[in-house]
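Structural features, examined
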Amino acid sequence: MNKSPNVSSRNGWKPDIIVCHITDGAYAGSITWLCNPESHISAHYVVGRNGQMSQLVDLQQAAWCNGTQTGKSGSAQYTGNATAALVKQRKVNANLYTISIECEGFDSTHGILTDVQFSTLVSLIKSIRQQVKSIFGIDIPLDRDHIIGHCEITPREKPNCPGHDFPYDRLIQTVKGLPALTTIDQANENTVRGWALNISGLREVDVYYDGAHGVTSTRSFTARTDVNKLLNSHGGYPDGAHCGYSITIPTDKIPIGKHTLGVAAIGKDGSSKWAYKDITISAPVLPPIAWIDSPADGTKVSTDFTVSGWGVAGEGVERVDIYADGKRGLASIKVLSDRPDVDKTINAHGWYKDALHSGYAVTVPVSALSKGKHIINVAVITKNNTATWAAKSITVI
Ligand SMILES: [Zn+2]
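Computed from a prediction, not measured in an experiment: that's the story for all the values here.

**Thoughts on the environment of Ala-275**
For Ala-275, the location among the structural elements is in strand β14 (residues 272–281). Along the sequence, Ala-275 and Gly-262 sit 13 residues apart, while their C-alpha atoms lie 5.8 Å from each other. With near-sequence residues (within four places) excluded, Ala-275 lies in contact with Thr-182, Thr-183, Ile-184, Gly-194 and Val-263.

**Describing the domain arrangement of the chain**
Domain assignment breaks the chain into domain 1 (7–176), domain 2 (181–281) and domain 3 (289–396). A C-alpha centroid distance of 49 Å is found between domain 2 and domain 3.

**Here we look at the sheet that holds strand β15 (residues 289–294)**
With respect to topology, three strands assemble into an open sheet ordered β15-β17-β20, the strand pairing being antiparallel. Bordering the open sheet on either side are β15 and β20 (359–364), each of which pairs with just one other strand. Within the sheet, the average angular offset between the axes of one strand and its neighbour, ignoring direction, is 25°. As judged from the five bridges shared by β15 and strand β17 (residues 305–312), these two strands associate in the antiparallel manner. In the strand pairing of β17, Ala-290 is matched with Gly-311.

**Concerning the confidence of the model for the chain**
For the chain, mean pLDDT is 92; residues scoring 70 or higher make up 97% of the total. Overall, residues 70–75 carries pLDDT values under 50, and its contacts beyond four positions in sequence, including any with other chains, amount to 11 contacts.

**What about helix α1 (residues 27–34)?**
Tyr-27, Ser-30, Ile-31 and Leu-34 are the residues of α1 that are buried. Around the axis of α1, the buried residues are gathered within 100° of arc, so they sit on the same side. Considering only its buried residues, α1 is in contact with β3 (45–47), β4 (53–55) and β6 (98–103).

**Considering the sheet that holds β3**
The five strands are arranged β4-β3-β6-β2-β7 in an open sheet whose pairing can be described as mixed. Looking along the sheet, the strands with just one partner apiece sit at the ends: β4 and β7 (147–149). Each strand of the sheet is rotated relative to its neighbour by a mean of 25°, with strand direction disregarded. By the bridge criterion, three bridges tie β3 to β6 in an arrangement that is parallel. Counterpart to Val-47 in the pairing with β6 is Cys-103.

**Some points on the pairing of strand β9 (residues 191–197)**
β9 sits mainly inside the fold: five of its seven residues count as buried. Inspection of the sheet shows strand β8 (residues 181–187) paired to β9 by six bridges, in the antiparallel sense. If you follow Thr-182 over to β9, its bridge partner there is Ala-196. Here β8 hands over to β9 after three residues, the two strands then running antiparallel side by side. In this sheet, strand β12 (residues 244–248) lies alongside β9 in antiparallel orientation, the contact comprising five bridges. Residue Val-192 lies in a different strand from β12, and its bridge partner there is Ile-247.

Definitions and limits used
- Residue indices begin from 1 for each chain and proceed along its sequence in written order.
- The predicted nature of this model means local features are confined to residues of pLDDT at least 70 and side-chain atom pairs, given and counted, to a pLDDT of 80 or more, with totals for whole chains, interfaces and linings taken over all residues.
- A helix here means a DSSP run of H or I that spans at least four residues, while a strand means a run of E at least two residues long, and both kinds are numbered starting from the N terminus.
- By the convention adopted here, residues are in contact when the distance between their C-beta atoms, placed from the backbone, does not exceed 7 Å.
- Where each domain begins and ends follows an automated or database-derived domain assignment.
- Note: two strands are recorded as paired if DSSP finds a minimum of 2 bridges between them.
- Working convention: axes come from line fits to C-alpha atoms, limited for helices to the stretch in contact. Angles between N-to-C directions cover 0 to 180 degrees.
- By definition, pLDDT measures how confident the predictor is in each residue, and it falls between 0 and 100.
- Buried residues are those with 20 or more other C-beta atoms within 10 Å of their own C-beta, exposed residues have 12 or fewer, and partly exposed residues lie in between; C-beta atoms are placed from the backbone.
- In this context, the arc is that of the directions from the helix axis out to the C-beta atoms.

Take a look at the structure:
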């Protein structure tokens, strides 16, 4: 502790109010001045804009910080113009029952703290409350009657200490520990949308399915004035106004079927809050395919010949019908044969049902056709009873 000589007894008072000040001067110089016996001022703590912190006065003693008394008489009557309710009521030197924190800052900063200074102040207030509880048995309430500014004690003399933009409410809410919140407004197989709040701010939103399978992530957030208005009137969530997310789901990374989508909002402090929603990823509707391997187009035939190929459909294939010249039925195949090559080539995602068993092969007697040109038509009939056609021309010689 950097002891300041500018201290006196609390005269039996127990501290239950924390007073925030601004130094209007740099950190080191302010500490020097607050420890100088000539200055007749002091504070319990000084918190710098880089997050550094010094204690100058023991909590058991009164610091001289509030302008309600200077010198060493200790219990001077206070009859000032305080706007703080408890200070008004008590009518004694406010130094007796307060703990003063000087925050490094200047007239031009209007009480706005740096992020790291704010974090240090939050930790310091938590620590002060614990110490006051153990030394004096008092719980300092986290409200605006007990976390106040110097300007609320001596509004005429110090109207700008700690400055009109000092974040009292955000400070109180942060010390209280606002919960991290994550909400999914809407989730389907294309998009997941919602919002998240974290007292440390938002770093990113990560999307998972079925627990640990990460699929995508975003660091761009959208305006959510509705959420900000409803949940952030105290300003405790720094990104409250921009807390929305809308993420396109890379469907090909998630297997077809029902899954639990997990959204993890990660705060700037690394903390995470999850929300979940069930979604169903359906197979894309792919067109049925009818394919003829043989005969090749323009083949000349003089003996019995084979018509072979394969057919697939998203919903599965009912049968394959073979015609000559679009009308004359030559064969109908209901039991299809193994085609692992087809399955491997076109069915990596499993979007065609039973592509593994998609083959057909039938021998057509040449006597079934007259001499000359003919079209061999293959109709793949799907389980939904639609037909998809393929054709080859041959010449019977
Ligand atoms: Zn002050």
